[in-house]
Amino acid sequence: MPQRPAPEREFTMRFTSTPRGARLARRLVSHRLHDWGHPYTTPVNEMLTLITAELSANAVRHGHVPGRDFHLQLTLAEGTFRVEVTDTRAEKRPPASPPATDSLSESGRGLLLVAALADDWGVSPRLAAPGKTVWAKLHVRAQGHPLTHRVAPGPTDLDLLLTTASLLRDDLGSRPEDASHGGRRP
């Protein structure tokens, strides 16, 4: 197994394998990124928050084992953020590449979003116990902006990304400044 560089920054926490736990994971990653110098509305914060939301939701939906939590780790090392979400269900692994979805389908787009936003992503077995870790990487420049070598998503993918991002932004109280206005934006 390849060695990873020592992280410059690290955030690790266990969450209940529930929709509430997934929401909390997303919010705490956004807050942590803000604390690390990537404000809420920056591309890095928004992309990593969306990636975290999708990986956490998948852990809850597809990796849930009653009575077991999921684990989240966010690290920054050598200009690369890495989000890892670990659950205890080893037999339900995501596909190696995101499947094509029907335009009328109400689900199945999470990994498409992760693949479109992340520089790299994958699945690895959990080392110390049964389960798996789904991870995604995002390379950033020194100024805190993501590198721009990605292939631009097609129009339908872009519409989906924007809609999903706006839904995350509209979640009441998702950022501290929203709370001061009772969840309403000024």
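Notes on the structure follow.

Calculation criteria
- Residues numbered from 1 in each chain as written.
- Predicted model: local features only at pLDDT ≥ 70, side-chain atom pairs only at ≥ 80, totals over all residues.
- Heavy atoms only, no water.
- Helix = DSSP H or I, 4+ residues; strand = E, 2+ residues; numbered from the N terminus.
- Buried < 20%, exposed > 50% of the residue type's maximum accessible area, 1.4 Å probe, protein only.
- Contact = heavy atoms within 4.5 Å.
- Areas by Shrake-Rupley, 256 points an atom, 1.4 Å probe, with all protein chains shown as cover.
- Pairing = 2+ DSSP bridges.
- Axes fitted to C-alpha atoms, helices over the stretch in contact; angles between N-to-C directions.
- Core = buried A, V, L, I, M, F, W, Y, C linked by side-chain atoms within 4.5 Å.
- Salt bridge = Lys/Arg side-chain N within 4 Å of Asp/Glu carboxyl O.

### Focus: the overall build of the protein
The number of helices and strands found in the protein is 5 helices and 5 strands. When its helices and strands are written in sequence order, the protein yields β-α-α-β-β-α-β-β-α-α. Burial status across the protein gives 39% buried among its 186 residues. For the protein, contacts bridging at least 24 residues in sequence account for 62% of all contacts bridging at least 6. Here the protein has roughly 10,600 Å² of accessible surface; of this, 55% comes from carbon and sulfur atoms.

### Looking at the environment of Thr-12
Its location among the elements puts Thr-12 in strand S1 (residues 9-15). Using a relative accessible area of 38% as the deciding quantity, one classes Thr-12 as partly exposed. Once residues within four sequence positions are removed from consideration, Thr-12 is found in contact with His-71, Leu-72 and Gln-73.

### Quick notes on the sheet that holds S1
Across the sheet, which stays open at both edges, the 5 strands sit in the order S1-S2-S3-S5-S4 with antiparallel pairing between neighbours. Looking along the sheet, the strands with just one partner apiece sit at the ends: S1 and strand S4 (120-125). Neighbour-to-neighbour, the strand axes of the sheet open up by a mean angle of 15°, direction not taken into account. Strand direction decides the pairing type here: strand S3 (residues 80-87) and strand S5 (residues 132-139), joined by 8 bridges, are antiparallel. Paired with Glu-84 across the two strands is Trp-135, which belongs to S5. Against the sheet, helix H2 (residues 43-62) contacts strand S2 (70-77), S3 and S5, and its axis sits at roughly 15° relative to S3.

### Section: the nonpolar core
With 31 residues, the main nonpolar core has Leu-55, Leu-74 and Phe-81 as its most contacted residues. Elements with a contribution of two residues or more to this core: S1, helix H1 (19-35), H2, S2, S3, helix H3 (110-117) and S5. Setting aside residues up to four positions removed in sequence, Leu-74 forms contacts with Arg-9, Glu-10, Phe-11, Val-29, Leu-33, Trp-36, Phe-81, Arg-82 and Val-83.

### What to know about the pairing of S3
Counted residue by residue, S3 has 8 buried out of 8 residues, so it is predominantly covered. Burial along S3 is two-sided: Thr-80, Arg-82, Glu-84 and Thr-86 facing one way and Phe-81, Val-83, Val-85 and Asp-87 facing the other are all buried. Summarising the sheet, S2 and S3 pair through 7 bridges and their orientation is antiparallel. Directly across from Leu-76, in S3, lies its bridge partner Phe-81. Here S2 folds back onto S3, and the loop between the two strands holds 2 residues, one of which, Glu-78, carries a positive phi near 50°.

### Section: the pairing of S4
In this sheet, S5 lies alongside S4 in antiparallel orientation, the contact comprising 6 bridges. Bridging across to S5, Pro-125 finds its partner in Lys-132. Between S4 and S5, which pair antiparallel one after the other, the connecting turn spans 6 residues, and Gly-131 there sits at a positive phi close to 135°.

### Some thoughts on the pattern of salt bridges
Summed over the entire model, instances satisfying the criterion amount to 3 salt bridges. Lys-132 serves as the salt-bridge partner of Asp-87, at 2.7 Å between the closest nitrogen and oxygen. Placement of the pair is Asp-87 in strand S3 and Lys-132 in strand S5, with a sequence separation of 45 residues. Both residues of the pair, Asp-87 and Lys-132, count as buried.

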